[in-house]
Number of protein chains: 4
Amino acid sequence: MSSCFGQHLHLSLFGQSHGEAIGITMDGFPAGMTVDMDQLTGEMARRAPGSSSMTTPRKEPDQPEFLSGVMDGHTTGQPICAIIRNTNMHSRDYGQGVDLVRPGHADYTGHVRYYGFEDWRGGGHFSGRLTAPIVLAGTLCRQYLKTQGIAIGAHIQQLENLQDGSFLDHPHADFQKLHDMILPVLTDGLEQAMEAAVLAAKADNDSVGGVIECMVRGVPAGLGAPFFDSVESILSHLMFAIPAVKGVSFGDGFGFAALRGSQANDSFCMENGRVTTVTDHCGGILGGITDGMPLIFRCCIRATPSIAREQATVSLQKNENAAITVQGRHDPCILPRAVPVVEAMTAIGLMELWKERAACVR
Amino acid sequence: MSSCFGQHLHLSLFGQSHGEAIGITMDGFPAGMTVDMDQLTGEMARRAPGSSSMTTPRKEPDQPEFLSGVMDGHTTGQPICAIIRNTNMHSRDYGQGVDLVRPGHADYTGHVRYYGFEDWRGGGHFSGRLTAPIVLAGTLCRQYLKTQGIAIGAHIQQLENLQDGSFLDHPHADFQKLHDMILPVLTDGLEQAMEAAVLAAKADNDSVGGVIECMVRGVPAGLGAPFFDSVESILSHLMFAIPAVKGVSFGDGFGFAALRGSQANDSFCMENGRVTTVTDHCGGILGGITDGMPLIFRCCIRATPSIAREQATVSLQKNENAAITVQGRHDPCILPRAVPVVEAMTAIGLMELWKERAACVR
Amino acid sequence: MSSCFGQHLHLSLFGQSHGEAIGITMDGFPAGMTVDMDQLTGEMARRAPGSSSMTTPRKEPDQPEFLSGVMDGHTTGQPICAIIRNTNMHSRDYGQGVDLVRPGHADYTGHVRYYGFEDWRGGGHFSGRLTAPIVLAGTLCRQYLKTQGIAIGAHIQQLENLQDGSFLDHPHADFQKLHDMILPVLTDGLEQAMEAAVLAAKADNDSVGGVIECMVRGVPAGLGAPFFDSVESILSHLMFAIPAVKGVSFGDGFGFAALRGSQANDSFCMENGRVTTVTDHCGGILGGITDGMPLIFRCCIRATPSIAREQATVSLQKNENAAITVQGRHDPCILPRAVPVVEAMTAIGLMELWKERAACVR
Amino acid sequence: MSSCFGQHLHLSLFGQSHGEAIGITMDGFPAGMTVDMDQLTGEMARRAPGSSSMTTPRKEPDQPEFLSGVMDGHTTGQPICAIIRNTNMHSRDYGQGVDLVRPGHADYTGHVRYYGFEDWRGGGHFSGRLTAPIVLAGTLCRQYLKTQGIAIGAHIQQLENLQDGSFLDHPHADFQKLHDMILPVLTDGLEQAMEAAVLAAKADNDSVGGVIECMVRGVPAGLGAPFFDSVESILSHLMFAIPAVKGVSFGDGFGFAALRGSQANDSFCMENGRVTTVTDHCGGILGGITDGMPLIFRCCIRATPSIAREQATVSLQKNENAAITVQGRHDPCILPRAVPVVEAMTAIGLMELWKERAACVR
């Protein structure tokens, strides 16, 4: 359990923020795929800090090193292990250790679970930095899925109180254009407003949250299964593994609550000789199984808990109330960096579903 | 995969709406628990149809039959298998078979996944009827958890456009009172308004959806793990296994999007010598691990897709557009019956987390 | 885990010897296979007691009842659950309960593991009777594998001190002929000698053990994986799940100990344009992966522990030494009935490997 | 699947003989254990080549590097990843690539499974070198088990035709003495005879196999489960993951075939107020569950397939018969190096069973 995932594609995530290295092993990845290292480096860079005024200036090269599973530029079908060395560790920024637990962080719960033996430095194994190997693994999956005609894109559907449109109304949105934006949105001009909101929060020593909407095009009908391994179950399982995600919904999501059955149902129709639906309220999933329409879902991302303000907390060592001002440089808004993580997790989930489907022999 | 769940508690769900029986095997359940059969029968009855004007009049006794794992009224620690015979099957209500696929149902996707060999009668394995064995298994888990001081309750937080309050503001809500209501709500008088909304939709040959909020009290800090087996991952995986659930969120859920970090963080404080938080925005989970506060989350339930109206669809046999009017008697609002299912799934998830925690030896 | 198996084909075994029913759920089985009920009944009968003078006269019809997953004579691709009712229970034969623990049985260890809450009646969940649902599930797998050109056979390679030849020297042995023999052997006349040995032990109120050798023909090269999911790991895992199996070996097995490398290696050669090996010392497996040659392995079966003699034991209730004479009618030799169980388990293992292979997309 | 193991302790093995590094991730390991690095280095050295005239002179330091999961000398409870860099790669020894497949090796089957994309250099992921990270992970498990009073030892029970005694007759054998021997045996003087047999084979450009017997003392009754997760299933699954293991047996093993029930049964008796058995034919396991007696089992190890002789094979590139003389320096007898691997795998298996038992809450 814990940092492992998958029945068909096996991931094992490891590392701590201030340890030697972070990384991931991925077993079950297809053999013979040519790895596009440039694209991989590009995805890593999207997630890396320091790329804009909205993110922490902490600079990490995040250069992945493949220890196994890739030879002569292609995957071997054998376990892939890739690591990222930790090079830019400002341990002194983080204080004396797990005494004053940071609100909104796992300092306290990690302390309980690991009986006080956890690596608390910089968040340890809980650090958002661990999403770097997730992007790494997910990007390989994404490259494979691309060879099967599957494309993944995402945008910031909400940032604080600013709302963007929805993929539900823009099923043909330009993924490349979104990919190139720091704050990817469907609505012209919204990017600037969102940036202003982030900078306002930053000036206020505060942080903002939002919602990321993700779409997958080219998914054939028939992936997934009813009940415990529905597409929703697999994808939500993965999305909630991303630190700061507190809500996941599919298609119309929580909007379904106010829709009547007659409004919520997607009618079927024939299109060019194949079955499709007229609308996509369900987000491309019926009975836990893909229906061939674009897969659309949302993740709510809470505002970064690390803020440069004094907060009430407790001292674990003195067992008394205390105050903490979290040191270090942090992101006033994690959403730009979370977008490639959501996309990568989506690729991991689809790879798992793809392999599960392939095992459904007749 | 598919109809199985769990690393520590193993569930295997089986059966079709119009087959011989539906049921579940559950392996890994603790030995020596006295089964409270009355309470079990009561939970089964809460989920069963026919209990009010808002649900389908289809009458099923849903009497569970234990084939194994229970002896002399206590669990043996060995695999439990319990089944429910199908007795009240109106096959003729459902038409000639999988030709006209019902919008909002899995008829089409099931047809693709199972290559046309699926049991399509009455929804087959996809039927909401399969939630009966889930309630069965979950109720046993719930009885065990009760011996550990853990209590589970739920209410209808939203029905169409009618909003109830939140457990976030009512952490001490009376679970027994909610349990006894057909439409359990925190707000006085709201039950009648909700019932009226359901009956209005029914009169309109339509159906309504909503949101169920669930709370678990008495959960100790330290259950769950970061990343792939976060409490959120495990619980959302299970919730999305319930047919019709399209969104799951924890604590403030999608409301987090509009909160700044300073608003979203739960400060820590000492209370009677132990660490707790002042608020519970996070729903009792930090870094994927329980923090000792009540666990609070929401599930959005889409309106029942089966409505007594003509809808556009396709004929799989003729490969052409068609119209369908779904016959049979259906629930204008599934929420009252979904409440015990959400509670049962919650108990299953907590049992899995409980056992995982127990395996974390030092 | 315990009574569950499989990453791709999920089995969940349940039931106790003297409970309501025994059975199995099998999830992940291919859709669209026509079930040969006659062949299934035949395999069940091979395992059932009472078929010869060598087995217990306890008569059980062992008629499987499919609760789910089979419709109109074909598999649906959805979870299969099949049960066998317990009808012929001589509870009084088994005495006062788990007081005097039977040597060679799990009475004592089950008592420890399940904290005294186990169903001890007639061996409970540990009973060899639980192999009936294994034969049931395995036979379905076998029917599927047959459609892929894979055939499974077995013979009694040793019974007490009587040795039969080996499939290693008889790769083209007649499976049908073996199938029809009560004591299947490759050597003419050996059956009679073996029967005499069994009857001699029976007359002596004793029982005999032996070795079963199994062969699978038609397995393509490329099934299995190195290390933790080698073909040997998967098959031995399953074989040791059969009560009374105490040794499993592949190809030359323990005979390898005395062979030098030059004797043990199987040379490669071209045969009709494809790669094969000249000999099959390795039993068709290299590096954990099938090589296209017949898969050959052996299981050592210890003599039935239930013998009609007084044996030294302890009283769990009085915590003192005691003597026990196991009542009831038991098999002087379990091997004839174990042969179809070994074959069925083999089919289960191959089905798992077959699906794993199918998931290895490129 | 493939290079992963465990439901409670999760292992993910990676690396290729001539890649950047080999290593293992281990998730679920207990928090707070002080790592004895000297003992760990010692176990790594036992497995490493070059320690005697009987092993390949290839010298590798095999110094493990912990990337995660260990801090200030203790385990954190979070995923452990440790790697071993590959430094001593004589690629030129191995020729032009996967053309001439080596008899007894996985060159051919790996080629089929991985569609020709596998890393074939020096055996790639199939290399016996991958047992180094297994020893690493297993030694950590062993250190934990030692804190629980569990001790593991092994000896060479057979080498070619030379037989040693059995732990069945020497339950109190001196583990430390065996640990310090290059060819650990119970019989005085046998070590010299075995060494002579190895050197004779070496002089003959050949190799020898044998049998390793392993014993675990201090295992409490109650670990393991019936059927699919019997102690035998778990341990055999792991043992057959060791390259070259072709047979695994428990207690009297294949010797059970010739024993009658009356001879094979272990009588129970009271000893110092607790239940025990008079003999240990069953190797400490009844019904798949430990009975509190020493756990005893054997692994047959085939002779190293790499021998300095010309052997018949095929050319995959030319699709024709060919001859191969495997270059490089190889072990005439792998048994001395396999002993610590068997012990380490045993520790891994017991750690899994230990955690599974801990999850069996009441």
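The structure under discussion appears in the preceding block.
Each value, and the rule that gives it
Residues numbered from 1 in each chain as written. Chains lettered and ligands numbered in written order. Predicted model: local features only at pLDDT ≥ 70, side-chain atom pairs only at ≥ 80, totals over all residues. Heavy atoms only, no water. Helix = DSSP H or I, 4+ residues; strand = E, 2+ residues; numbered from the N terminus. Rg over C-alpha atoms; globule rule 2.2 N^0.38 Å. Buried < 20%, exposed > 50% of the residue type's maximum accessible area, 1.4 Å probe, protein only. Contact = heavy atoms within 4.5 Å. Buried area = accessible area lost by both parts, 1.4 Å probe. Salt bridge = Lys/Arg side-chain N within 4 Å of Asp/Glu carboxyl O. Polar contact = N/O pair within 3.5 Å; in protein donor to acceptor, adjacent residues only side chain to side chain. Nonpolar A, V, L, I, M, F, W, Y, C, P; charged D, E, K, R; others polar. Pairing = 2+ DSSP bridges. Axes fitted to C-alpha atoms, helices over the stretch in contact; angles between N-to-C directions. Least-squares fit on C-alpha atoms with pLDDT ≥ 70 in both. Phe/Tyr/Trp six-rings, centres within 6.5 Å; stacked < 30°, edge-to-face > 60°.

**Student:** It is not clear to me how the overall build of chain A should be interpreted in this structure. Could you clarify?
**Tutor:** Looking only at helices and strands, chain A features 8 helices and 18 strands. The C-alpha radius of gyration of chain A comes to 21 Å, within 12% of the 21 Å expected for a compact globule of 362 residues. Here the C-alpha coordinates of chain A stretch approximately 70 × 50 × 35 Å along the principal axes. Looking at chain A as a whole, 68% of its 362 residues qualify as buried. In chain A, the share of contacts with a sequence separation of at least 24, taken over all contacts with a separation of at least 6, comes to 70%.

**Student:** Is there a simple way to explain the interface of chain A and chain B in this structure?
**Tutor:** In this assembly, 112 residues from chain A lie in contact with 113 residues from chain B. Summed over both sides, the interface of chain A with chain B buries roughly 9000 Å², with 62% coming from carbon and sulfur. Joining chain A to chain B, the criterion identifies 8 salt bridges. A salt bridge links Glu-356 of chain B to Arg-113 of chain A; the nearest nitrogen and oxygen atoms lie 2.9 Å apart. Joining chain A to chain B, the criterion identifies 51 residue pairs in polar contact (both at pLDDT 80 or more). A per-element tally of the side of chain A that touches chain B places helix α6 (residues 231-239) of chain A first, with 6 residues. Here the residues of the side of chain A that touches chain B are counted per class, giving 57 nonpolar, 36 polar and 19 charged. Bridging between strand β11 (residues 245-250) of chain A and strand β11 (residues 245-250) of chain B involves 3 bridges; their strand directions are antiparallel. If you follow Ser-249 of chain A over to β11 of chain B, its bridge partner there is Gly-247 of chain B.

**Student:** Would you explain the sheet that holds strand β4 (residues 65-68) of chain C in this entry?
**Tutor:** Hydrogen bonds between backbone groups are what pair the strands of a sheet, and the pairing can be parallel or antiparallel. All names here are of chain C. Taken in spatial order, the 5 strands line up as β1-β2-β3-β7-β4 in an open sheet, and their pairing is antiparallel. Two strands close off the open sheet at either side, each with one partner strand: β1 (4-5) and β4. Note: strand β3 (residues 21-27) against strand β7 (residues 80-85), 6 bridges, orientation antiparallel. Considered in β7, the bridge of Gly-23 is made with Ile-83. The strands that helix α3 (residues 131-147) touches are β2 (10-14), β3, β4 and β7; relative to β3, the one it contacts most, it runs at about 30 degrees.

**Student:** Would you mind going over the pattern of salt bridges with me for this structure?
**Tutor:** When the charged atoms of two side chains lie near each other, side chains of opposite charge can form a pair. All names here are of chain D. Enumeration according to the criterion identifies 69 salt bridges over all chains in this entry. Measuring nitrogen to oxygen at the nearest pair gives 2.9 Å for the salt bridge that ties Asp-62 to Arg-129. Here Asp-62, found in the loop between α1 (37-47) and β4 (65-68), pairs with Arg-129, found in the loop between α2 (107-113) and α3 (131-147); they are 67 residues apart in sequence, far enough to count as distant. Residue Asp-62 is classed as buried on the basis of its relative accessible area, which comes to 3%. A relative accessible area of 6% means that Arg-129 is categorised as buried. Arg-121 is paired through a salt bridge with Asp-119; the nearest N and O atoms lie 2.8 Å apart. A relative accessible area of 24% means that Arg-121 is categorised as partly exposed.

**Student:** Help me out: how do you make sense of the interface of chain D and chain A in this one?
**Tutor:** Accessible area lost when the parts come together is the quantity often used to give the size of an interface. Each partner contributes to the interface: chain D provides 39 residues, whereas chain A provides 39 residues. Both faces combined, the contact of chain D with chain A buries some 3100 Å², and carbon together with sulfur accounts for 58% of it. Its largest share of buried area at the contact with chain A, chain D owes to Leu-67, Gln-78 and Phe-117 of chain D, together 20% of the area lost on that side. Here chain D is connected to chain A by 2 salt bridges. For Glu-65 of chain A, the salt bridge is made with Arg-85 of chain D, and the minimal N-O distance between the two is 3.0 Å. Counting only elements with at least two residues in the side of chain D that touches chain A, the list comes to β2 (10-14), β3 (21-27), β4, β6 (74-75) and β7 (80-85) of chain D.

**Student:** Explain the relation of the copies chain A and chain B here, please?
**Tutor:** Mapping between the two chain copies consists of a rotation about an axis together with a translation along that axis. When chain A is fitted to chain B, the residual RMSD is 0.0 Å, and the transformation amounts to a turn of 180 degrees plus an axial shift of 0.0 Å. The two molecules are tied by a two-fold rotation axis, judged by turn and shift. Looking at chain A, 100% of its interface residues are interface residues in chain B too, so the copies touch through the same face.

**Student:** Got a minute to help me understand the packing of aromatic side chains in this structure?
**Tutor:** The description of two aromatic rings rests on the distance between their centres and on the angle between their planes. For the coordinates displayed, the defined rule picks out 30 aromatic pairs over all chains. Between Tyr-114 of chain C and Phe-126 of chain C the ring centres are 6.3 Å apart and the planes differ by 65 degrees, which places this aromatic pair in the edge-to-face class. Taken together, the residues Tyr-114 of chain C in the loop between α2 (107-113) and α3 and Phe-126 of chain C in the loop between α2 and α3 connect sequence positions 12 residues apart. Neither residue differs from the other here; Tyr-114 of chain C and Phe-126 of chain C are each classed as buried. Between the aromatic rings of Phe-268 of chain C and Tyr-108 of chain D, the centroid separation amounts to 5.7 Å while the plane-to-plane angle is 65 degrees, which identifies the pairing as edge-to-face. Separated into two different chains, Phe-268 of chain C in strand β12 (residues 268-271) and Tyr-108 of chain D in helix α2 make up a pair that spans both. Here the two residues Phe-268 of chain C and Tyr-108 of chain D agree in accessibility, since each one is buried. An aromatic cluster of at least three residues, connected via ring pairs, comprises Phe-240 of chain A together with Phe-250 and Phe-297 of chain B.

By themselves these figures say nothing about function.
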